[in-house]
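# Observations on the model geometry
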Amino acid sequence: MLPYGRQAIDEDDIDAVAEALRSPFLTTGPRIAEFEAALAQATGARFVAAVSSGTAALHAAYRSVGIKPGDEVIMPALTFAATANAALYLGAKPVFGDVDRATGTLDPESAERAVTNRTRAIVAVDYAGHPADYDALRLISARHGLALVDDAAHSLGATDRGRKVGELADVATLSFHPVKLITTGEGGAVITNDPAIHQSIVEFRSHGMVRDDLRLLRHEGPWYHEMHDLGFNYRLTDFQSALGLSQLRKLPLFLARRREIASRYDQDLADQGAFQIPGRRDGVESAWHLYVLRVMEGRADSAHRRRLAFDAFRDRGLGVQVHYLPVYLHPFYQDLGYARGLCPVAEDFYSRAISLPIYPAMTDAEVEQVTHTVRDVAAGLA
Ligand SMILES: Cc1ncc(COP(=O)(O)O)c(C=O)c1O
């Protein structure tokens with residue numbers, strides 16, 4: 001079965017981790033700062049804080065822009081649950097906006113309609129690797145005095161008119177889970193140009209401890225540090241950073257291969273008549289974390305046809321997946337009182353979506369196997 005995504009680990013990665021394991025540092029050591037500096041280069045952000053997961057990154061990022069109990073946080077319904085869960089961790093309320101029909105990213109008009117006097121932030125998600133429309137979202141966040149957050153778990157390496165994901169919002173979060181653009185096993189990072197946000201993240205990831213002499217309230221000796229706020233243990237380890245550094249060196253190759261596969265799919269699948277290929281905005285270079293087909297629009301039985309297509313793909317050896325059930329349709333969120341029908345475009349998107357295999361290690365023969373299978377299944381659905 002060809003999975004929809006898979007890590008690419010080579011002997012260089014293994015050597016880098018082995019070297020880190022032989023060094024005196026197992027958790028926080030010199031490779032953390034090296035990895036952070038390399039990520040700053042790759043993302044265009046001034047400050048990077050590596051953390052233990054993309055979820056930890058979201059929690060820390062939301063905290064750093066001042067999200068508090070009772071605040072509302074606007075976000076797209078079409079995302080992984082972590083985007084919303086991190087707001088709940090802080091006692092804030094996720095408010096779901098609908099998505100753009102072409103790209104599946106937060107629809108700016110829907111986001112603006114959701115603003116109330118309790119809104120603190122807008123979080124956009126770069127669904128499948130395609131940056132959300134930050135130019136439009138920036139105007140809205142500025143008009144209402146809101147923070148703008150980019151959940152860039154899917155989009156490391158993507159650009160919008162030449163701007164990288166570290167340059168699009170007040171703060172952005174990355175994930176290094178194995179199916180993502182690079183991996184550290186579990187891992188993540190928060191990237192920003194704002195020194196105050198960065199400082200808040202650095203303290204939050206390590207119990208809210210302050211070590212900076214200038215900020216200490218008392219000075220009791222060289223051993224002394226103080227806790228100023230409630231934080232967590234969200235630190236990444238040195239050997240994970242070694243893996244991240246080694247992976248990051250290959251990011252340009254990974255992205256080039258993902259883009260090559262996506263354009264092969266675009267070319268070979270544009271005209272089969274049963275599935276729409278992914279939409280995009282002018283000026284965007286997606287990182288192609290996912291390649292999401294949708295069963296053609298406008299047929300009453302599209303959800304049924306998606307099920308038939310999904311089963312047919314699995315039967316023919318494609319480990320396709322579906323991204324995502326709109327967050328508020330999870331039973332946990334239904335119990336919180338969110339109603340079905342809240343975001344009709346996201347619900348329709350979900351009901352027709354199928355993610356094809358796409359990852360750097362796919363061979364040309366495997367890419368061809370996918371396009372043949374899709375054409376075959378499409379013919380069967382017609
Ligand atoms: C959009 C999005 N946000 C956040 C996350 C959470 O990242 P992690 O799994 O590293 O905690 C994911 C991961 O799957 C994701 O897809």
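The following paragraphs examine the structure supplied in this document. Predicted model only: the values in this text are computed from it and were never measured. (Residues numbered from 1 in each chain as written. Predicted model: local features only at pLDDT ≥ 70, side-chain atom pairs only at ≥ 80, totals over all residues. Heavy atoms only, no water.)

### Thoughts on the overall build of the chain
Inclusion rule: Numbering of helices and strands starts at the N terminus; helices are DSSP runs of H or I of at least 4 residues and strands are runs of E of at least 2. Values of the radius of gyration come from C-alpha atoms, whereas the globule rule sets the reference at 2.2 Å times the count of residues to the power 0.38. For every residue, the accessible area (1.4 Å probe, protein chains only) is compared with the maximum for its type, and the residue is labelled buried under 20%, exposed over 50%, or partly exposed between those bounds. In what follows, a contact means two residues having at least one pair of non-hydrogen atoms within 4.5 Å. Calculation of accessible area relied on Shrake-Rupley with a 1.4 Å probe; when residues are assessed, cover is drawn exclusively from the protein chains displayed. In this charge count, Lys and Arg are treated as positive and Asp and Glu as negative; neither His nor the chain ends contribute. For this purpose, a charge sits on NZ of Lys, CZ of Arg, CG of Asp or CD of Glu.
Each helix and strand in the chain was counted, giving 13 helices and 17 strands. Expected size for 382 residues packed as a compact globule is a radius of gyration near 21 Å; at 21 Å, the chain falls within 12% of this value. Across its three principal directions, the C-alpha atoms of the chain cover 75 × 55 × 35 Å. The buried share of the chain, taken over its 382 residues, is 57%. Contacts in the chain between residues at least 24 apart in sequence constitute 71% of all its contacts with a sequence separation of at least 6. With the model as given, the accessible surface of the chain reaches about 16,200 Å², and the carbon-plus-sulfur share is 53%. The positive charge centre, built from 40 side chains, and the negative charge centre, built from 49, are 3 Å apart in the chain.

### Some points on the pairing of strand β15 (residues 291-295)
Put simply, the rule is: Strand pairing requires that DSSP identify at least two bridges connecting the strands.
Extensive coverage of β15 is indicated by the burial of five of its five residues. The alternating pattern of β15 places Y291, L293 and V295 on one face and V292 and R294 on the opposite face, and all of these are buried. Sheet topology note: the strand β13 (residues 275-276)/β15 ladder contains two bridges and is antiparallel. Within β15, the position partnered with Q276 by the bridge is R294. As defined by bridge partners, β15 adjoins strand β17 (residues 353-356) across four bridges and the pair is classed as antiparallel. Bridging across to β17, R294 finds its partner in A353.

### Overview of the nonpolar core
Note the following rule: We define a nonpolar core as any set of buried Ala, Val, Leu, Ile, Met, Phe, Trp, Tyr and Cys residues linked to one another through side-chain atoms lying within 4.5 Å.
One finds Y62, I67, V73, M75, F96 and Y328 to be the most contacted residues of the largest nonpolar core, which totals 49 residues. At the level of elements, β2 (47-51), α3 (54-64), β3 (72-76), α4 (82-89), β5 (119-125), β6 (147-151), α7 (195-204) and α12 (344-352) are the ones that each hand at least two residues to this core. If you tally residues by element for this core, the top one is α3, at six residues. With 29 residues, the next largest nonpolar core counts I354, Y359, V370 and V377 among its residues.

### A look at the site of the ligand
Where we set the bar: Whether a residue is near a molecule or strand depends on its heavy atoms: if one lies within 4 Å, it is near. Any N or O atom pair separated by 3.5 Å or less is treated as a polar contact, with the protein-specific requirement of one donor-capable and one acceptor-capable atom, and with residues adjacent in sequence counted only for side-chain atom pairs.
The environment of the ligand is formed by 16 residues, the closest being G54, T55, D151, S175 and K180. The backbone of G54 places a nitrogen or oxygen atom 2.7 Å from an oxygen atom of the ligand. Between the ligand and D151, the relevant distance is 2.7 Å, taken from a nitrogen atom to a side-chain nitrogen or oxygen of the residue. Computed on the free molecule, the ligand has an accessible area of 390 Å², of which 91% lies beneath the protein chains in the complex. Those elements that place two or more of their residues in the shell around the ligand are α3 and α4. Counting residues per element, the shell around the ligand draws most heavily on α3, at three residues.

### Brief notes about the pattern of salt bridges
To keep things clear, this is the line we draw: Take a side-chain nitrogen of Lys or Arg and a carboxyl oxygen of Asp or Glu: if they are within 4 Å of each other, that pair is a salt bridge.
Counted under the stated rule, the structure contains 25 salt bridges. As a salt-bridge pair, R63 and D229 come within 2.5 Å of each other at their nearest N and O atoms. Of the two residues, R63 sits in helix α3 while D229 sits in the loop between β12 (226-227) and α8 (238-249), which places them 166 residues apart along the sequence. Note on R63: relative accessible area 26%, which makes it partly exposed.

### Quick look at the sheet that holds β15
A sheet is described by the order of its strands in space; here three strands give the open sequence β13-β15-β17, paired in antiparallel fashion. In this open sheet, the two edge strands, each paired with only one partner strand, are β13 and β17.

### So, the side chain of R306
Looking at the element boundaries, R306 is found in helix α10 (residues 302-315). As a buried residue without a salt bridge, R306 has its nearest oppositely charged side chain in D311, at a separation of 8.6 Å. Aside from chain neighbours lying at most four places away, what touches R306 is V295, V322, Y350, S351, R352, A353 and I354.

### Observations regarding the packing of helix α9 (residues 251-269) against helix α13 (residues 364-381)
To keep things clear, this is the line we draw: For helices, the fitted axis covers only the stretch in contact; all axes are lines through C-alpha atoms, and the angles between them, taken along N-to-C directions, range from 0 to 180 degrees. Working rule for angles: under 35 degrees goes down as roughly parallel, over 145 as roughly antiparallel, 65 to 115 as roughly perpendicular, anything else as oblique. Here a crossing is called left-handed whenever its near helix is offset anticlockwise from the far helix by less than a right angle, and right-handed whenever the offset is clockwise. In the scheme used here, Gly and all other residues not listed as nonpolar or charged are polar, with Ala, Val, Leu, Ile, Met, Phe, Trp, Tyr, Cys and Pro taken as nonpolar and Asp, Glu, Lys and Arg as charged.
The interhelical angle for the contact between α9 and α13, taken along N-to-C directions, is 30°, at an axis separation of 10 Å. If you check the angle between α9 and α13, you find them roughly parallel. Between α9 and α13 lies a crossing whose hand is right-handed. Residue-level contacts link R257, I261, R264, Y265, D268 and L269 of α9 to D364, V367, E368, V370, T371, V374 and R375 of α13. Taken together, the residues that form the contact of α9 with α13 break down as six nonpolar, one polar and six charged.

### Overview of helix α2 (residues 30-43)
Convention followed: Multiply 1.5 Å by the residue count of a helix minus one, and that product is the helix's expected span.
The end-to-end C-alpha separation of α2 is 20 Å, in line with the 20 Å expected for 14 residues at 1.5 Å each. Those residues of α2 lying buried are R31, I32, F35, E36, L39, A40 and T43. Turning to α2, the residues buried within the fold contact α1 (11-22), β2, β8 (163-164), β9 (171-175), β10 (188-192) and α8. Among the residues trailing α2, G44 stands out with phi positive, at a value near 80°.

### Some details on α9
Since the α-helix packs 3.6 residues into each turn, any two residues three or four apart lie on the same face. Helix length check: α9, at 19 residues, gives a terminal C-alpha distance of 26 Å against a target of 27 Å (1.5 Å per residue), a fit within 8%. All of the buried residues along α9 are L251, F254, L255, R257, R258, I261, A262, Y265, D266 and L269. Summarising the contacts, the buried residues of α9 are in contact with α8, β15, β17 and α13.

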